[in-house]
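# Coordinate analysis (summary)
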Amino acid sequence: MKREIKTTSDGSKTLYINELNENYHSHHGALQEAKHVFIDNGLNLIKDCDINILELGFGTGLNVLVSIDEFLKTDKNHKIHYFTLEKYPINIDEVTELNYGSLFSKNEMSEIFLKIHNAHWSKKTEIWPNFFLTKYQADFFELKNLDLPKIDLVYFDCFGARVQPDLWEKPLFELVADTMKSGGLLTTYSSKGSVRRILTALNFKVEKKSGPPGKREMINAIKN
Ligand SMILES: C[S@@+](CC[C@H](N)C(=O)[O-])C[C@H]1O[C@@H](n2cnc3c(N)ncnc32)[C@H](O)[C@@H]1O
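Residues numbered from 1 in each chain as written. Predicted model: local features only at pLDDT ≥ 70, side-chain atom pairs only at ≥ 80, totals over all residues.

Ordered in space as E6-E7-E5-E4-E8-E9-E11-E10, the eight strands form an open sheet in which the pairing is mixed. In this open sheet, the two strands that pair with only one neighbour each are strand E6 (125-128) and strand E10 (204-210). With strand direction ignored, the average angle separating the axes of adjacent strands in the sheet is 20°. Summarising the sheet, strand E5 (residues 80-85) and strand E7 (residues 131-136) pair through six bridges and their orientation is parallel. Within E7, the residue paired with His-81 across the bridge is Phe-132. The sheet contacts of helix H2 (residues 62-71) involve strand E4 (51-56), E5, E6, E7 and strand E8 (151-156), and relative to E5 the element is tilted by about 170°. Sheet strands in contact with helix H6 (residues 193-201) are E10 and strand E11 (217-223), and its direction is about 150° off that of E10. (Pairing = 2+ DSSP bridges. Helix = DSSP H or I, 4+ residues; strand = E, 2+ residues; numbered from the N terminus. Axes fitted to C-alpha atoms, helices over the stretch in contact; angles between N-to-C directions. Contact = placed C-beta atoms within 7 Å.)

This is the structure in structure tokens:
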């Protein structure tokens, strides 16, 4: 499907799929949404120890980039292993136009953004000492076939249920839950009641958090 680049309210860009009328990020601000949902209500709740992160899906690579930016603020002595799945990778012209490295004050972020995109599929790549990325070009339902370590933190960042309802139902959450450690955290921008009920039924402790600008609530779920 054809994608176009749009600028969101915080000045950061996103991709938009016309046929689905769906953005990759909130039009209120791609960068501020990524930081709020996945860093403030995700990585920063468990940082500074060795962790395994699983992301659904990789998309523009913005969540990887904000995670590295956060990691670079630490002593960098712990290891982050970041695993991400994507079925429909974006192309290099889109990567160049998104230009996410320019959103950060550190000079090296543009180089890091390219390194993230140039990393080979299915190959563990050290993007920065102690920050390892493995991207899989795969359908989310292939999760069970991947040889992943137990996951501490899930970034559940699928397109909305309006366009991909099957990704917000029990079968996928069950697969994701199976990858996670007990005590692991799943964070998502969604606040759907059906998602909360599914996660509760899968033995997660579900918390509603305040959402990023433009969205009242979001979900954090801790696996029991
Ligand atoms: C909301 S976007 C992800 C945004 C991304 N985290 C970022 O920072 O740009 C959802 C992503 O899921 C991908 N996707 C959709 N259906 C998929 C599927 N069945 N399996 C794997 N990836 C899928 C889309 O191509 C898109 O890149």
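Let us keep going from here.
What follows concerns the nonpolar core. In terms of nonpolar packing, the biggest core is built from 53 residues, with Ile-53, Leu-65, Ile-116 and Val-154 touching the most fellow members. In contact with Ile-53, other than residues within four places in its own chain, are Ser-67, Ile-80, Tyr-82, Phe-83, Leu-153 and Tyr-155. (Core = buried A, V, L, I, M, F, W, Y, C linked by C-beta atoms within 7 Å. Buried ≥ 20, exposed ≤ 12 C-beta atoms within 10 Å, placed from the backbone.)

Omega for the peptide link from Leu-56 to Gly-57 comes to -10°, which places this bond in the cis form. Here Gly-57 lies in the loop between E4 and H2. For Lys-76, which is not glycine, the phi torsion reads 65° and is therefore positive. Take Lys-76: it is sitting in the loop between H2 and E5. Owing to 14 C-beta atoms within 10 Å, Lys-76 belongs among the partly exposed residues under this scheme. Residue Asn-203 is not a glycine yet carries a positive backbone phi of 75°. Here Asn-203 lies in the loop between H6 and E10.

Scope: geometric values only; no functional claims are made or implied.
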